[in-house]
Amino acid sequence: MVIAFADIVEIEKKATAYFIPNAIQISTDSAKHFFASFLSRDQAYDLMVDIWRIARPDLVPPKEGEGSVQDVNDVSS
């Protein structure tokens, strides 16, 4: 199966049998695809998200530690 990164709208880490963290779900506008039995699910997920970030920067949430940071001195009354 080939899914173009441009068609992906969401990539999520999932678990099989509710407690084995070895799956990834890839969602497009028309379908959801569930891939399981990854030996290194977190590394595969990180690689997919990094490539997806390049193809669809408008949809990918910022990495942890990135994005806007609210200034603690900027308090509205």
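You'll find the structure just up there.
Residues numbered from 1 in each chain as written. Predicted model: local features only at pLDDT ≥ 70, side-chain atom pairs only at ≥ 80, totals over all residues. Heavy atoms only, no water.

Sorry if this is basic, but what is going on with the nonpolar core here?
Membership of the largest hydrophobic core is limited to 10 residues, which are Ile3, Ile8, Ile11, Ile24, Ile26, Ala44, Tyr45, Met48, Val49 and Trp52. With five residues, helix H1 (residues 41-55) is the largest single contributor of residues to this core. (Core = buried A, V, L, I, M, F, W, Y, C linked by side-chain atoms within 4.5 Å. Buried < 20%, exposed > 50% of the residue type's maximum accessible area, 1.4 Å probe, protein only. Helix = DSSP H or I, 4+ residues; strand = E, 2+ residues; numbered from the N terminus.)

Whenever I open this one, the pattern of salt bridges confuses me. Can you help?
Two side chains of opposite charge can pair, provided their charged atoms sit close to one another. This model, assessed by the stated rule, comprises four salt bridges. Note that lysine 14 is salt-bridged to glutamate 12, the shortest N-O span being 3.9 Å. Measuring nitrogen to oxygen at the nearest pair gives 3.2 Å for the salt bridge that ties aspartate 42 to arginine 41. We classify arginine 41 as buried; its relative accessible area is 11%. Overlapping salt bridges, with partners in common, bring together Lys13, Arg41 and Asp42 in one network. (Salt bridge = Lys/Arg side-chain N within 4 Å of Asp/Glu carboxyl O.)

I keep staring at the sheet that holds strand S1 (residues 8-16) and nothing clicks. Help me out?
Neighbouring strands of a sheet are bound in pairs by backbone hydrogen bonds; such pairs are parallel or else antiparallel. Spatially, the three strands line up as an open sheet ordered S1-S2-S3, and their pairing is antiparallel. On the outer flanks of this sheet lie S1 and strand S3 (32-35), each paired with one strand and no other. Averaged over all pairs of adjacent strands, the angle between strand axes in this sheet comes to 20°, irrespective of strand direction. Summarising the sheet, S1 and strand S2 (residues 20-28) pair through seven bridges and their orientation is antiparallel. (Pairing = 2+ DSSP bridges. Axes fitted to C-alpha atoms, helices over the stretch in contact; angles between N-to-C directions.)

For this particular structure, what's the right way to read the environment of histidine 33?
Structurally, histidine 33 is set in strand S3. Taking the C-alpha atoms as reference points, histidine 33 and methionine 1, 32 residues apart in sequence, are found 9.8 Å from one another. Not counting residues within four places of it along the chain, the set of residues in contact with histidine 33 comprises Met1, Ile3, Ile24, Gln25 and Ile26. (Contact = heavy atoms within 4.5 Å.)

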